[in-house]
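Each chain is listed here by its residues.
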Amino acid sequence: MARLLRTLRSSQPVARFQRCCGLFPTDEEGGSGDPAEGPRERDVCNGAGALRRPAAAGRGFPRGVRSGPQGCVQKYVVKNYFYFYLFKFSAALGEEIFYITFLPFTYWNIDHSVSRRMIIIWSIVMYIGQVSKDILKWPRPLSPPVVKLEMKTDAEYGMPSTHAMAATAISFSFLIATVNQYKYPFELGLVAAFVFSTLVCLSRLYTGMHTVLDVIGGALISAVLLVLLYPAWDMIDHLLLTSPFCPLLCIVVPLVLCYNYPKLDYYSPTRGDTTTILGAGAGATVGFWLNNQYAAPAYTSRNFQLGFPLITSKIVVVMLARFFVGIFVVLLTRQLMKTVVLGMLGYRYKFPIGDLEARRRLEVEVPYKFITYSSVGFSATVIVPLLHKLLGLI
């Protein structure tokens, strides 16, 4: 068993998977093919794992510690573009662009209870995953032999894969929350959830961001958390909607967790990402509570109760209108709050807006991220539904 775990934790299985899918470093292929520029010298593409090597090895700090966006650049050859685009797209399903579109879409167009459950599960799972990374401090796969297609998260540690955790949590919580409300075959939903989570997991191997053990560990942790939380779903949902202490706790608890995030010897984006997730979840939860207290349910699922085949072209147009109006407001809120909050913090702590190092300080990063994304969550659950009602979309 120990030997198996060492193998799953090593970089070689990841490299073999990449080669099987037609992704090669140029030196293995003699520079043939159509090389694509990825992120400078191959011997420094090792992110947070480099910190675990002796300083004498000459590896220096991981990308992002000294110069942020300047990573290493690695040339590679793509021999199978189907897998290349499939896994690049699948990797995006674990990024902010997916969360900020799919979760609000569910709230605006499908069912409030489904969206609430997914957001709560997503927040809990992601917090546990992000903290686990900085406690375990397992390095990401080494390059070489692995080809790394992403560098923005390379300064983080690897275990567990939060992409795998989020994909498993969101897909299977969606399945569990909808299977008894909508008339569709359970087997079809199970296959869809499995395919979705599997594609995201495999994309982390293809992009060279995680070992096999990172991915398996992330998926298993999410599965265990889903099993443990499922019996309490209804109770948690009821408390979040009815407790008079909900708004206060939903703001204070995430802030305490963010300010007491595990400290590292160097800057890692995990604290900022965690603050973003908890902030969005907090803002959305306050919105859920406010809607339940003072507003009638804005959206109902009666149009979907009889099954998806009854969805008409008119319903599709209304759903798309809700989505595009909503996402415009959400993105506008995010940009506006980023500008305002960063300007206020810059004035308070006397640093220029463009000072990246200042923005990484605890007293700046946490309020900046938390206020911005809690405003986004609140806007998506309160402001957007009011605008939908004003425009006659509900």
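First, a word on what this report is: a plain description of the structure on this page. The shown structure was predicted, so the numbers you read here are calculated from the model rather than taken from an experiment.

1. Details of the overall build of the protein
Line of reasoning, step 1. Tallying secondary structure elements over the protein gives 14 helices and three strands in all.
Line of reasoning, step 2. Here the protein, with 394 residues, has 52% of them falling under the buried criterion.
Line of reasoning, step 3. Per element, the accessible surface of the protein, about 18700 Å² overall, is 68% carbon and sulfur.

2. Considering the packing of helix H4 (residues 96–109) against helix H12 (residues 313–349)
Line of reasoning, step 1. Interaxial distance between H4 and H12 falls to 10 Å at its minimum, and their mutual angle equals 130°. The angle between H4 and H12 places the two elements in the oblique class. Where H4 crosses over H12, the two elements pack in a sense that is right-handed. Of H12, the residues touching H4 (which contributes Glu96, Ile100, Thr101, Phe105, Trp108 and Asn109) are Met319, Arg322, Phe323, Gly326, Ile327, Val330, Leu331 and Arg334.
Line of reasoning, step 2. Tallied by class, residues from the contact of H4 with H12 come to eight nonpolar, three polar and three charged.

3. Quick look at H4
Line of reasoning, step 1. Given a rise of 1.5 Å per residue, 14 residues ought to cover 20 Å, and the 20 Å separating the end C-alpha atoms of H4 matches this to within 8%.
Line of reasoning, step 2. Turning to H4, its buried residues are Phe98, Tyr99, Ile100, Leu103, Pro104, Thr106, Tyr107, Trp108 and Asn109.

4. Quick notes on H12
Line of reasoning, step 1. Its 37 residues place the ends of H12 53 Å apart at the C-alpha level, agreeing with the 54 Å of an ideal helix rising 1.5 Å per residue.
Line of reasoning, step 2. Positive phi shows up at lysine 350, right after H12, with a value of about 60°.

5. Details of the packing of aromatic side chains
Line of reasoning, step 1. Inspection of every chain in the model, using the stated rule, returns 17 aromatic pairs.
Line of reasoning, step 2. Relative to tyrosine 85, the ring of phenylalanine 84 lies with its centre 5.1 Å away and its plane at 80°, an arrangement referred to as edge-to-face.
Line of reasoning, step 3. Its relative accessible area of 10% is what places phenylalanine 84 among the buried residues.
Line of reasoning, step 4. Through a chain of ring-to-ring contacts, three or more aromatic side chains come together here, namely Phe98, Tyr99, Phe102, Trp122, Phe174 and Phe196.
Line of reasoning, step 5. Across the ring face of phenylalanine 24, the terminal group of lysine 79 is positioned such that the distance to the ring centre comes to 5.5 Å.
Line of reasoning, step 6. A cation over a ring is seen here: arginine 348 above tyrosine 349, with NZ or CZ 4.8 Å from the ring centre.

Conventions used here
The written sequence of each chain sets the order in which its residues are numbered from 1. The model is predicted, so local features are restricted to residues of pLDDT at least 70 and side-chain atom pairs to those at 80 or more, both for listing and for counting; the totals for chains, interfaces and linings are taken over all residues. The side-chain figures draw on all heavy atoms in the structure; neither hydrogens nor water molecules are used. Numbering goes from the N terminus for both helices and strands, where a helix is a DSSP run of H or I of at least four residues and a strand is a run of E of at least two. Remark: exposure states derive from per-residue accessible area (1.4 Å probe, protein chains only) relative to the maximum for the residue type, with buried under 20%, exposed over 50%, and partly exposed in between. Only the protein chains shown count as cover for residues, and all accessible areas are computed by the Shrake-Rupley method using a 1.4 Å probe. With axes taken as lines fitted to C-alpha atoms, and helix axes fitted only over the stretch in contact, angles between N-to-C directions fall between 0 and 180 degrees. By definition in this entry, angles of less than 35 degrees are roughly parallel, angles greater than 145 are roughly antiparallel, angles of 65 to 115 are roughly perpendicular, and the rest are oblique. Helix crossings are classified by the rotation of the near helix relative to the far one: an anticlockwise turn of less than a right angle makes the crossing left-handed, while a clockwise turn makes it right-handed. By the convention used here, residues are in contact when the closest approach between their heavy atoms is within 4.5 Å. Here the nonpolar group is Ala, Val, Leu, Ile, Met, Phe, Trp, Tyr, Cys and Pro; Asp, Glu, Lys and Arg are the charged ones; every other residue, Gly included, is treated as polar. Helix span, expected: 1.5 Å multiplied by one less than the number of residues in the helix. Between 30 and 60 degrees the pair is tilted, below 30 it is stacked and above 60 it is edge-to-face, where a pair is any two Phe, Tyr or Trp rings, Trp via its six-membered ring, whose centres lie within 6.5 Å. Two conditions define a charge located above a ring, namely a distance within 6 Å from the ring centre to NZ of Lys or CZ of Arg, and an angle within 35 degrees of the ring normal.

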